[in-house]
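Descriptive structure summary
What follows is each chain in one-letter form.
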Amino acid sequence: MPATLTPTRRGFLGASATTLSAAAVAMLAGAPQLARAYGGASADVNILNVALGLEHEAIGAYELGARSGLLTKPGLDVAVLFQSHHKAHRDALVATIEKMGGTAVKSRSLDDYAMALSAASLKTQADVLTLAARLELGATNAYLGVIPSFKEPALAKVAARLAADETMHWTALATTLGRSLPGNALTFGA
Amino acid sequence: MSEVRAIVLHRSRRSLLAALLAAAICEAGAADAGRGEQLYEARCGGCHSIDTDRVGPRHAGLLGRKAGSIEGFDYSPALRAAGFTWDGERLGRWLADPEALVPGQRMNVSVGHIADRADLIAYLARAGRSSAGKR
């Protein structure tokens, strides 16, 4: 059963990684073999670091949304929840990369993310949620897209689980924005 | 089959593949930049933007730019050393299989359908022109 979350703006801005280690543990539990060396491990670490970059950016995007003052309930609640998921993804990816002997990429500054995502152009709650939906859809397709490139099947499963979370985020955001869901099957990762 | 003959056949197949790809991409009338924009948003937008560097580098002015050359962007050593300039043919090969074009690259996402690649390239060509001078 998923943990019950009571999102608040304070929690949004100040959440620590303390409660997220369980996600990292859960993700790594199915892949004990990652601690050993294997051919292609370096390439897999590179893919994971790109994924980590996506998660850093998503955390920054939701942080910018919260600080904008544009989000009100229930939009704020959704953003708080989704940012916590991205923090869990971040922690799991960092743990995986380090377990494989790699060096995890660092987050950029919030100002960097604001510039990269053109945060100054966000004027309404719908703008913030639209940006979030765009990033979540892109992340879904990015995770689905890299699955065939992993040398280690356990990591392909990790990417699929991350993609599932991002798809859930996109679906919720699209619904909140009043958008239609895809009329056709198999639209993600095509 | 002799080793020399095998190598010649392998290279011939690669050349044929590249020629077919280039021919498909050069069918400018068939490429749909509007559809390419939608594909870009869905398939590339997780990491890339036209005008800003994100997880991936910006795409404004991509066609005609030397690979791995945006100052300050953290490219893979492999792409930084690639030594070629992006054109439609190279971009098509990159999108089809980035690791085959530049072993050691970090993108690892491919676009399977040739029509999708052609539409994406058409959009990137259009977007690169329209954003020229912004930076």
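The structure we're discussing is the one just above.
Nothing here was measured: the structure is a model prediction, and the numbers come from that model.

Here is what the cut-offs are and how they apply
Residues numbered from 1 in each chain as written. Chains lettered and ligands numbered in written order. Predicted model: local features only at pLDDT ≥ 70, side-chain atom pairs only at ≥ 80, totals over all residues. Heavy atoms only, no water. Helix = DSSP H or I, 4+ residues; strand = E, 2+ residues; numbered from the N terminus. Buried < 20%, exposed > 50% of the residue type's maximum accessible area, 1.4 Å probe, protein only. Contact = heavy atoms within 4.5 Å. Core = buried A, V, L, I, M, F, W, Y, C linked by side-chain atoms within 4.5 Å. Salt bridge = Lys/Arg side-chain N within 4 Å of Asp/Glu carboxyl O. Phe/Tyr/Trp six-rings, centres within 6.5 Å; stacked < 30°, edge-to-face > 60°. Buried area = accessible area lost by both parts, 1.4 Å probe. Polar contact = N/O pair within 3.5 Å; in protein donor to acceptor, adjacent residues only side chain to side chain.

**Some remarks on the overall build of chain B**
Counting its secondary structure elements, chain B contains six helices and zero strands. Taken from the N to the C terminus, the helices and strands of chain B come in the order α-α-α-α-α-α. Here chain B, with 135 residues, has 43% of them falling under the buried criterion. Taking the contacts inside chain B whose residues are at least 6 apart along the sequence as the reference set, 48% of them involve residues at least 24 apart.

**Topic: the nonpolar core**
Counting residues in each nonpolar core, the largest one holds 24 residues, and the members touching the most others are W86, L91 and W94 of chain B. Setting aside anything within four residues of it in sequence, one finds W86 of chain B in contact with L62, L63, G64, R65, K66, A67, L79, L91, W94 and L101 of chain B. If you look at the next biggest cluster of nonpolar residues, it comprises 23 residues, including Y62, V128, A133 and L137 of chain A.

**Comments concerning the pattern of salt bridges**
All names here are of chain B. Tallied over the entire structure, the rule returns 11 salt bridges over all chains. Notably, a salt bridge pairs D116 with R35, separated by 2.5 Å at the nearest N-O pair. With a gap of 81 residues between them, D116 in helix 6 (residues 114-130) and R35 in helix 2 (residues 33-44) connect regions that are remote in the sequence. A residue is classified by how much of its surface remains accessible, and R35, at 32% relative accessible area, is partly exposed. The closest approach of N and O atoms between R93 and E89, which form a salt bridge, is 3.3 Å.

**Notes on the packing of aromatic side chains**
The tally for this structure, following the rule as stated, stands at six aromatic pairs over all chains. On the numbers, 5.5 Å between centres and 75 degrees between planes, the contact of W170 of chain A with F188 of chain A is edge-to-face. Of the two residues, W170 of chain A sits in helix 7 (residues 153-176) while F188 of chain A sits in the segment after helix 7, which places them 18 residues apart along the sequence. Taking 4.9 Å as the distance between ring centres and 85 degrees as the angle between the ring planes, the aromatic pair formed by F84 of chain B and W86 of chain B counts as edge-to-face.

**Comments concerning the interface of chain B and chain A**
The interface is formed by 15 residues belonging to chain B together with 22 residues belonging to chain A. Both faces combined, the contact of chain B with chain A buries some 1500 Å², and carbon together with sulfur accounts for 52% of it. Three residues stand out in chain B for area buried against chain A, namely R43, R54 and N108 of chain B, and they jointly supply 33% of the buried area on that side. For the pair chain B and chain A, the interface holds two salt bridges. R54 of chain B serves as the salt-bridge partner of E57 of chain A, at 2.7 Å between the closest nitrogen and oxygen. The interface formed by chain B and chain A holds six residue pairs in polar contact (both at pLDDT 80 or more) in total.

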